[in-house]
Amino acid sequence: MASHIVGYPRMGPKRELKFALESFWDGKSTAEDLQKVSADLRSSIWKQMSAAGTKFIPSNTFAHYDQVLDTTAMLGAVPPRYGYTGGEIGLDVYFSMARGNASVPAMEMTKWFDTNYHYIVPELGPEVNFSYASHKAVNEYKEAKALGVDTVPVLVGPVSYLLLSKAAKGVDKSFDLLSLLPKILPIYKEVITELKAAGATWIQLDEPVLVMDLEGHKLQAFTGAYAELESTLSGLNVLVETYFADIPAEAYKTLTSLKGVTAFGFDLVRGTKTLDLVKAGFPEGKYLFAGVVDGRNIWANDFAASLSTLQALEGIVGKDKLVVSTSCSLLHTAVDLINETKLDDEIKSWLAFAAQKVVEVNALAKALAGQKDEALFSANAAALASRRSSPRVTNEGVQKAAAALKGSDHRRATNVSARLDAQQKKLNLPILPTTTIGSFPQTVELRRVRREYKAKKVSEEDYVKAIKEEIKKVVDLQEELDIDVLVHGEPERNDMVEYFGEQLSGFAFTANGWVQSYGSRCVKPPVIYGDVSRPKAMTVFWSAMAQSMTSRPMKGMLTGPVTILNWSFVRNDQPRHETCYQIALAIKDEVEDLEKGGIGVIQIDEAALREGLPLRKSEHAFYLDWAVHSFRITNCGVQDSTQIHTHMCYSHFNDIIHSIIDMDADVITIENSRSDEKLLSVFREGVKYGAGIGPGVYDIHSPRIPSSEEIADRVNKMLAVLEQNILWVNPDCGLKTRKYTEVKPALKNMVDAAKLIRSQLASAK
């Protein structure tokens, strides 16, 4: 009986690592303190897996920041700006790369495939001087061994590492990253040789880029790299692990014929098509690590279905060559259901977090070996049956309304230029109108009031009074700064998804369901377990109150359906797009109620639209079609004179520009201040865009206050490619995380810059 876990969350069941890291960064604790918390977390994870009966327990999947950064440290690939001069890389250089320091900026961070986790992107070029500079993989293997646990050390594979890197600044963009293989393979050999000497019998190399659309020469790089490693790997069992999608047929052929490799791991949750490839042919005598337990969601496994998949595979690869595994690392799911004391028992019975998934993998492995735990299996079947038949999951009305959407593509009655004319008659805005993205700083006092209200320590009356005062303060400040389209500042909101989820049916919330996003930052995604509907208005009370305080337009503020979907744990018993359409209908009700309540400008944020894009190009069109359609559903019913805004984070915006135009919003504001040039190049290349557009004119993620000259200079660059009658002037994101001492001067400079350019344009006329 054999079971395997691809990787495990690092933060700890109560976010112990987060607090230890932040304390260390703030200078409140020592490196020794941090290392002690880390060692305790690792040892408890290894012991927990061992106690559950796991045969293949991973080591080196723990990281103080990120596993790709750990690999960069192992290879000594430190960019020159960090002043590294050789030797073992310590925490100071490591955290400088991750977070920057007083004198130099951090390395770039980007999304890990299509998850909400972010990795630190290696910066490589022909000049990089690679050296074996972090012995972490070997040290952690020895650390586990000293505790009596024999682990499988995990490394990011050499080819995936290079393909996930970027050319460093000053290196020609056409530089072939794979040309560095001969320089990094000698270091991989050193690491593997040391692991063998320390007693390792298995090693896991993660090569997830194999699930992407790879050109032939990239596949050849795998063949070459593993042939080069073959003699070093001999005497070890070697698992090459893939995850997040099914593996294309060509890549499967390449993978299963790699030299020196004894085992192959596949994601059989998101990669069901891989089963067909395995059935058509699997190399004799090799191991198959079958990822049947979902590492990316929080639902309990369907034991009966998994067992029948595993039995079919056993017939192909043989009983002693099949290992039960997770679909990917459990990093992407919450840590332990045991800490959820407030979730009701019915919903809890439908869930499995990382600790429970370890138990599930082992239960399946035992059942496969003929030692089925009948009580566990029947409890699993009962929980699944209750989820299928629960009246909380199914809402006939919602199902009918969603089914009725099929016949239309939900466009507004007239085109965008006619709508902008109708809106201008009503709003009477100057050219280059100024606005902000939505949130204003959230003070300690404000968070305290919200917390106490939630704990029923302050009355509803006192809470409303406190929030009303805060809104008044924000409205007065914007009027004083002479901003054209105002916001209420969102003082009543904790999080842009949770705030809505708490008011929609079909959502549940956890107390400790935290998942690492990057570094010490964790998010707590809501759980969408059933049909989604909106029992009553969610934001109209506050928006109408704010509008009554000013004669200027007040923006209503909503989170769009695709973003709510992509930032939640989504039910797996119906296609994602069906859930998205249900959320869209709920937001549509809210948009129409805001309009009735006298709100003439309504912003529907789709920050995460790009994040849901599937890994394979062949699946892009279908996703973009339903995602954009969902957005249009929310606002297809409003009058021409109601102005619909959306806000998006710039992330490779250019490759989906036509879908963005197809969203048909009246105005789009974009978080782009770190990538101006890239964004504007789209319009330079002649993409016709007729709606309002507000590329962010300054970066709110930094405490720096830009001068009005600097902002004016950026606006002028934008005017070189965009018409003056469609350009808006705004920061690039919400201001929630900033201080008022930063926000006031920055917004004043922004408004001054807009006024300066208006007067220049007027005199030019």
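All figures in this text were calculated on a predicted structure; none of them were measured in a lab.

Considering helix 18 (residues 460-481)
Line of reasoning, step 1. In a regular helix each residue adds 1.5 Å, so 22 residues correspond to 32 Å; helix 18 covers 32 Å between its end C-alpha atoms and thus fits that length.
Line of reasoning, step 2. Those residues of helix 18 that sit buried are Tyr463, Val464, Ile467, Glu470, Ile471, Val474, Val475, Leu477, Gln478 and Leu481. Relative to the axis of helix 18, the buried residues are bounded by an arc of 160° and lie together on one face. What points out from helix 18, more than 90 degrees from its buried face, is the exposed set Glu461, Lys465 and Glu480.
Line of reasoning, step 3. Immediately beyond the C-terminal end of helix 18, within one or two residues, lies Asp482, with a positive phi of roughly 65°.

Here's the deal with the pattern of salt bridges
Line of reasoning, step 1. Overall, the coordinates contain 49 salt bridges when judged by the stated rule.
Line of reasoning, step 2. For Glu108, the salt bridge goes to Lys166, with nearest N and O atoms at 2.8 Å. Of the two residues, Glu108 sits in the loop between helix 4 (91-99) and strand 2 (109-111) while Lys166 sits in strand 6 (residues 166-167), which places them 58 residues apart along the sequence.
Line of reasoning, step 3. The partner of Glu592 in a salt bridge is Lys588, and the shortest N-O contact between them spans 2.9 Å.

Considerations on unusual backbone geometry
Line of reasoning, step 1. Although it is not a glycine, Asn428 sits at a positive phi angle of roughly 55°.
Line of reasoning, step 2. With respect to the element layout, Asn428 can be found in the loop between helix 16 (416-427) and helix 17 (444-454).
Line of reasoning, step 3. Positive phi values are uncommon outside glycine, yet Leu432 reaches one of about 50°.
Line of reasoning, step 4. For Leu432, the location among the structural elements is in the loop between helix 16 and helix 17.

Examining the UniProt feature "binding site: Zn(2+) 2" (unreviewed entry) in the protein
Line of reasoning, step 1. Taking the UniProt record as the reference, the feature "binding site: Zn(2+) 2" (unreviewed entry) is found at His658 and Asp662.
Line of reasoning, step 2. Mapped onto the secondary structure, His658 falls in helix 24 (residues 657-662).
Line of reasoning, step 3. With respect to the helices and strands, the residue Asp662 is situated in helix 24.
Line of reasoning, step 4. Given a relative accessible area of 29%, Asp662 falls into the partly exposed group.
Line of reasoning, step 5. If we ignore the near neighbours within four places in the chain, the residues touching Asp662 are Arg411, Val628 and Arg632.

Notes on the environment of Lys588
Line of reasoning, step 1. Along the chain, the position of Lys588 falls in helix 22 (residues 576-596).
Line of reasoning, step 2. When neighbours within four sequence positions are excluded, Lys588 is seen to be in contact with Ile633, Thr634 and Cys636.

A closer look at the UniProt feature "active site" (unreviewed entry) in the protein
Line of reasoning, step 1. When the UniProt feature table is mapped onto this chain, "active site" (unreviewed entry) is found at His701.
Line of reasoning, step 2. With respect to the helices and strands, the residue His701 is situated in the loop between strand 21 (692-695) and helix 26 (708-719).

A closer look at the sheet that holds strand 21
Line of reasoning, step 1. Strands sit in the order 16-18-19-20-21 across an open sheet of five strands; the sheet is parallel. Here the strands that pair on one side only, and so sit at the sheet edges, are strand 16 (555-559) and strand 21. With direction set aside, neighbouring strand axes in the sheet form an average angle of 20°.
Line of reasoning, step 2. Bridging between strand 16 and strand 18 (residues 601-605) involves five bridges; their strand directions are parallel. Its bridge partner being in strand 18, Lys555 is matched across the sheet by Val601.
Line of reasoning, step 3. Relative to strand 16, helix 22 is tilted by about 175°, and along the sheet it contacts strand 16, strand 18 and strand 19 (643-649).

Some points on the domain arrangement of the protein
Line of reasoning, step 1. In terms of domains, the protein is made up of domain 1 (1-55 + 262-391) and domain 2 (414-434 + 482-491 + 540-764).
Line of reasoning, step 2. A straight line from the C-alpha centre of domain 1 to that of domain 2 covers 40 Å.
Line of reasoning, step 3. Each partner contributes to the interface: domain 1 provides nine residues, whereas domain 2 provides six residues.
Line of reasoning, step 4. Between domain 1 and domain 2 lies a buried interface of about 530 Å² when both sides are counted; carbon and sulfur atoms form 47% of it.
Line of reasoning, step 5. Its largest share of buried area at the contact with domain 2, domain 1 owes to Asn297, Trp299 and Arg387, together 59% of the area lost on that side.
Line of reasoning, step 6. Seen at the junction of domain 1 and domain 2, the total is one salt bridge.

Overview of the nonpolar core
Line of reasoning, step 1. Formed by 105 residues in total, the largest nonpolar core has its most connected members in Tyr161 and Phe266.
Line of reasoning, step 2. The residues touching Tyr161, leaving out its near neighbours within four places in the chain, are Val68, Thr71, Thr72, Leu75, Ala77, Pro122, Leu124, Val156, Ile184 and Tyr188.
Line of reasoning, step 3. Core analysis: the next-biggest nonpolar cluster, separate from the first, contains 101 residues, Tyr463, Ala586, Ile602 and Trp626 among them.

Considering the sheet that holds strand 15 (residues 527-533)
Line of reasoning, step 1. The strand order 12-15-17 describes an open sheet built from three strands, whose pairing is mixed. Where the open sheet ends on each side, the last strands, each with one partner, are strand 12 (505-508) and strand 17 (569-570).
Line of reasoning, step 2. In terms of strand pairing, strand 15 meets strand 17 through two bridges, oriented parallel. Note on strand 17: the bridge partner recorded for Val527 is Phe569.
Line of reasoning, step 3. Its contacts with the sheet put helix 22 on strand 15 and strand 17, and the angle it makes with strand 15 is roughly 50°.

A few points about the packing of aromatic side chains
Two numbers describe a pair of aromatic rings. These are the distance of the centres and the angle of the planes.
Line of reasoning, step 1. Using the criterion set out here, one finds 22 aromatic pairs in the structure.
Line of reasoning, step 2. Seen in terms of ring centroids, Phe264 and Phe282 are 6.0 Å apart; in terms of plane orientation they differ by 85°. Their pairing is edge-to-face. Of this pair, Phe264 sits in strand 9 (residues 263-267) while Phe282 sits in the loop between helix 10 (274-280) and strand 10 (287-293); the two residues are 18 residues apart in sequence, bridging distant segments of the chain. Just as Phe264 is buried, Phe282 falls in that class too.
Line of reasoning, step 3. Here the aromatic rings of Phe507 and Phe509 are separated by 6.5 Å at their centres, their planes lie at 15°, and the arrangement is stacked.
Line of reasoning, step 4. Accessibility expressed as a relative area gives 8% for Phe507, which makes it buried.
Line of reasoning, step 5. By relative accessible area, Phe509 is classed as partly exposed at 23%.
Line of reasoning, step 6. Across from the ring centre of Trp25, 3.8 Å away, lies the NZ or CZ of Arg99, which sits over that ring.

Focus on helix 14 (residues 374-389)
Line of reasoning, step 1. In this model helix 14 runs 23 Å from its N-terminal to its C-terminal C-alpha over 16 residues, within 8% of the 22 Å that 1.5 Å per residue would give.
Line of reasoning, step 2. Taken together, the buried positions of helix 14 are occupied by Phe377, Asn380, Ala383, Leu384 and Arg387. Along helix 14, the residues classed as buried sweep out an arc of 125° about the axis, all on the same side. Along helix 14, the residues that are exposed and aim more than 90 degrees away from the buried face are Glu374, Ala375 and Ser389.
Line of reasoning, step 3. Those residues of helix 14 hidden inside the fold are in contact with helix 11 (303-317), helix 12 (345-349) and helix 13 (354-368).

Concerning the side chain of Gln442
Line of reasoning, step 1. Along the chain, Gln442 falls in the loop between helix 16 and helix 17.
Line of reasoning, step 2. Overall, the relative accessible area of 9% leaves Gln442 in the buried class.
Line of reasoning, step 3. Looking at Gln442, its side chain comes within polar contact range of the main-chain oxygen of Glu490, at 3.2 Å.
Line of reasoning, step 4. Non-local contacts of Gln442, meaning those with residues more than four positions away in its chain, are made with Arg447, Arg450, Glu490, Pro491, Arg493 and Lys736.

Some remarks on the pairing of strand 20 (residues 667-671)
Line of reasoning, step 1. With five of five residues buried, strand 20 lies mostly within the body of the structure.
Line of reasoning, step 2. As defined by bridge partners, strand 19 adjoins strand 20 across five bridges and the pair is classed as parallel. Among the inter-strand pairings, Thr646 is bridged to a residue of strand 20, identified as Ile668.
Line of reasoning, step 3. Bridging between strand 20 and strand 21 involves four bridges; their strand directions are parallel. Along strand 21, the bridge assignment pairs Ile668 with Ile693.

Thresholds applied
Residues numbered from 1 in each chain as written. Predicted model: local features only at pLDDT ≥ 70, side-chain atom pairs only at ≥ 80, totals over all residues. Heavy atoms only, no water. Helix = DSSP H or I, 4+ residues; strand = E, 2+ residues; numbered from the N terminus. Expected span 1.5 Å × (residues − 1). Buried < 20%, exposed > 50% of the residue type's maximum accessible area, 1.4 Å probe, protein only. Arc of directions from axis to C-beta. Salt bridge = Lys/Arg side-chain N within 4 Å of Asp/Glu carboxyl O. UniProt positions renumbered as here; feature names shortened; annotations may be inferred. Contact = heavy atoms within 4.5 Å. Pairing = 2+ DSSP bridges. Axes fitted to C-alpha atoms, helices over the stretch in contact; angles between N-to-C directions. Domains from an automatic or database assignment. Buried area = accessible area lost by both parts, 1.4 Å probe. Core = buried A, V, L, I, M, F, W, Y, C linked by side-chain atoms within 4.5 Å. Phe/Tyr/Trp six-rings, centres within 6.5 Å; stacked < 30°, edge-to-face > 60°. Lys NZ or Arg CZ within 6 Å of the ring centre and 35° of its normal. Polar contact = N/O pair within 3.5 Å; in protein donor to acceptor, adjacent residues only side chain to side chain.

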